[in-house]
Amino acid sequence: MRWQRGSTTLLITISLGAVVLLVVSSSAVVLDQPSDPLNDEVALQPGDNPYAYLDENDELAVDITENNPNLDNEGVNPDAFAAQETLFYITYDGNESAEAWIDHEGTGVTFVIDGEPIESESNAVQLTSENDAVPVGVEVDTRVAEVAPGDRLIDEISVHARPAGSEAIGDADNDGNSDDDDDPGTVTTVESPDSTARKVEILSLAAEVETEINLRQLHVGDPAVRLTDLTFVSKDSGNVEFEVRGTTDPPPETSSVPLGVDALGYYTVEFATADQPINEATTELVVDRDYLAETDVDPEQLAVYHETEAGWKRTKTTVVNTNDETVRLRITSTGFSAFAVAAERPVLVPVEATLSADQVVAGETLTVTVNLDNNGRAPANDVKVQIVTADERELVSDEAATVNAEVGETTTESIVVRLNSPGEYNLVLTGPALEAGSGGSGIGTDQIITQSVTVTEQPDGETVAETRGASSINTPNDGSADTGVSGETEVGDDREEAVTERSGIDLTDLGGIALLIGIVLTTLFLFRRAPR
């Protein structure tokens, strides 16, 4: 069943003069007071303000012009912004939940509930026995319209109401939801169990006639991706039932999407019978730009894939409209199945890596040269890759390498690596556009590119150059009265033997050193005694 009120008079005329300050209604609505009924359960009731009232025909009228006898001023200044939080109420006297919304062809006027527009089916307000009086406000911004004093912004509005979760299309009160080419006897019902499912039943469907279904912003995975319309041409006439469902995860028994296809969400169209009576099919969806920015997706990367017997295939996807808030896509296919709404991305696959050395001293650098294939569905533009250790996830590349590669192209990058602690290391290439590594899934996981880099210690208290130039280790000669210093170590028979040699310093040298020390001490003494 569908309820709908054809139109309700709303007069809004722009006039020069003082700005109207629309006061907020403070009194509660009374369901049994005079109102303008839409049907037996839904009605419109003026708020406690001078702008909304019932006219001589007991229909709701809203008048903020100088013609309103309840006003003592001349209306709204064309350069002003006016807002009314509770202009009138939508009341409900039913047991089951219902939905209501407003549409009009005016400019610069928006009807709101709690500051949110209610001017489309997707933004319909929910009416229940508990939520039985919903205050409706209007926001008027004359700055956005090219208006002059005396211009009328709206002649009338249409207020719609229906039982929640259903939609009847093709009845006598239909206001344009059915296609003019449809058979007049065709009746379509759309049920909405939740935001991710629509159950569609079409009675007396005509063959070879384009049939359009309003899916009312069905969520495809994230709420920022939504199906709006589904259109198809049937081969046969008769009755048709099917269900449209959106999901975040892949539908059951479907294969993995191709490499470079980053699925944002999925939707399926399943008919009650095995044979689909479909010749042509199109679907339209919208994606919020804020969501694209959060997921680092350009509109040009958006594509839709549908599953076939041979796997996922890219279907014809066209951007039909863009604005500051959304991107609208049209998907054309020969039938319905499972679909993946996706972003096409580059996928970098390391195919070969070489090291400038497989053993270094701690703190020294080595260079990793890696060949990368772009096996994805989009070019790699300024994609960053770096190297970390496999176990500790320590960043060891001095700088990130910037990769640019067309689809199918191979590029070679050199990355300088510095390891500061001794040990054995596996090196891992990491970045946002890498193919999934073994045991992983998705794009952006790591790839082990080389095994077992050995990092050795630097000798204590010595630089690397000093270590390499040293030819002796000084060791005391235990058990000997001779206190000389050993200048050589011989290695033989798996043991070390200290060999004593004459020191290279004689008494004359010692005397010279003693004289030098005496001069230094005298100088220090004199300095400390010097007057200040």
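Located above this text is the structure these notes cover.
Small disclaimer: the values here were computed from a predicted structure and weren't measured. (Residues numbered from 1 in each chain as written. Predicted model: local features only at pLDDT ≥ 70, side-chain atom pairs only at ≥ 80, totals over all residues. Heavy atoms only, no water.)

### Some details on the overall build of the chain
Heads up, the rule is: Helix numbering and strand numbering both begin at the N terminus, where a helix is a DSSP run of H or I of at least 4 residues and a strand a DSSP run of E of at least 2. Each residue's exposure class comes from its accessible area (1.4 Å probe, protein chains only) as a fraction of the maximum for that residue type: buried when under 20%, exposed when over 50%, partly exposed otherwise. Residue exposure ignores everything except the shown protein chains as possible cover, and the areas themselves are Shrake-Rupley values with a 1.4 Å probe.
Across its full length, the chain holds three helices and 36 strands. When the 532 residues of the chain are sorted by exposure, 42% land in the buried category. When the accessible surface of the chain is totalled, it reaches about 28700 Å², and 45% of it is carbon and sulfur.

### Regarding the packing of aromatic side chains
This is how it is decided: Here a pair means two rings of Phe, Tyr or Trp (six-membered ring of Trp) with centres within 6.5 Å. Their orientation is stacked below 30 degrees between planes, edge-to-face above 60, and tilted elsewhere.
Counted by the stated rule, this structure contains seven aromatic pairs. Look at F232 and F336: their rings are 6.5 Å apart centre to centre, the planes differ by 85°, and that puts the pair in the edge-to-face class. Of this pair, F232 sits in strand β18 (residues 222–234) while F336 sits in the loop between β25 (326–333) and β26 (338–344); the two residues are 104 residues apart in sequence, bridging distant segments of the chain. Residue classification places F232 among the buried positions, given a relative accessible area of 1%. With a relative accessible area of 4%, F336 lands in the buried category. Ring pairs connect the aromatic residues F232, F242, F271 and F336, which therefore count as one cluster.

### So, the sheet that holds strand β32 (residues 410–418)
Quick reminder of the rule: When DSSP finds at least two bridges between two strands, those strands are taken to pair. Here an axis means a line fitted to C-alpha atoms, over the contact stretch when the element is a helix, while the angle between two N-to-C directions is reported on a 0 to 180 degree scale.
Strand order in the open sheet made by the three strands is β27-β29-β32, with antiparallel pairing throughout. Looking at which strands have only one partner, the edges of the open sheet turn out to be β27 (348–355) and β32. Sheet twist, expressed as the mean angle between neighbouring strand axes with direction ignored, is 25°. Sheet analysis places β27 next to strand β29 (residues 365–374), joined by seven bridges and oriented antiparallel.

### Remarks on the sheet that holds strand β24 (residues 316–322)
Pairing in this open sheet of five strands is antiparallel, and the strands run β17-β18-β21-β25-β24 from one edge to the other. Every interior strand has two partners, whereas the edge strands, β17 (210–220) and β24, have only one. Averaged over all adjacent pairs, the angle separating strand axes in this sheet is 20°, with direction ignored. Of the pairings in the sheet, the one linking β18 to strand β21 (residues 278–288) comprises nine bridges and is antiparallel in character. Within the sheet, the bridge partner assigned to F232 lies in β21 and is A281.

### Considerations on the side chain of T228
Rules: Within 3.5 Å is the distance limit for a polar contact, defined as a pair of N or O atoms, with the added protein rule that one can donate a hydrogen and the other accept it, and that residues adjacent in sequence qualify only through two side-chain atoms. We call two residues in contact when some of their heavy atoms are within 4.5 Å.
Topologically, T228 is positioned in strand β18. Take T228: its relative accessible area is 4%, and that puts it in the buried class. For T228, the side chain forms a polar contact with the side chain of R328, separated by 3.0 Å. Once residues within four sequence positions are removed from consideration, T228 is found in contact with I213, N214, L215, R216, Q217, E284, L285, V286 and R328.

### Section: the pattern of salt bridges
Any two side chains of opposite charge can pair if their charged atoms end up close together. We apply this condition: Here a salt bridge means any side-chain nitrogen of Lys or Arg lying within 4 Å of a carboxyl oxygen belonging to Asp or Glu.
In this structure the tally under the stated criterion is eight salt bridges. Ionic pairing is found between E284 and R328, a salt bridge with its closest N-O pair at 3.1 Å. Within this pair, whereas E284 is found in strand β21, its partner R328 is found in strand β25, the two being separated by 44 residues in sequence. Between R418 and D398 there is a salt bridge; the shortest N-O distance is 3.4 Å. Of this pair, R418 sits in strand β32 while D398 is found in the loop between β30 (380–389) and β31 (401–405), placing the two residues 20 residues apart along the sequence. You can call D398 partly exposed: its relative accessible area is 41%. Via salt bridges that share partners, E284, R328 and R330 belong to a single interconnected network.

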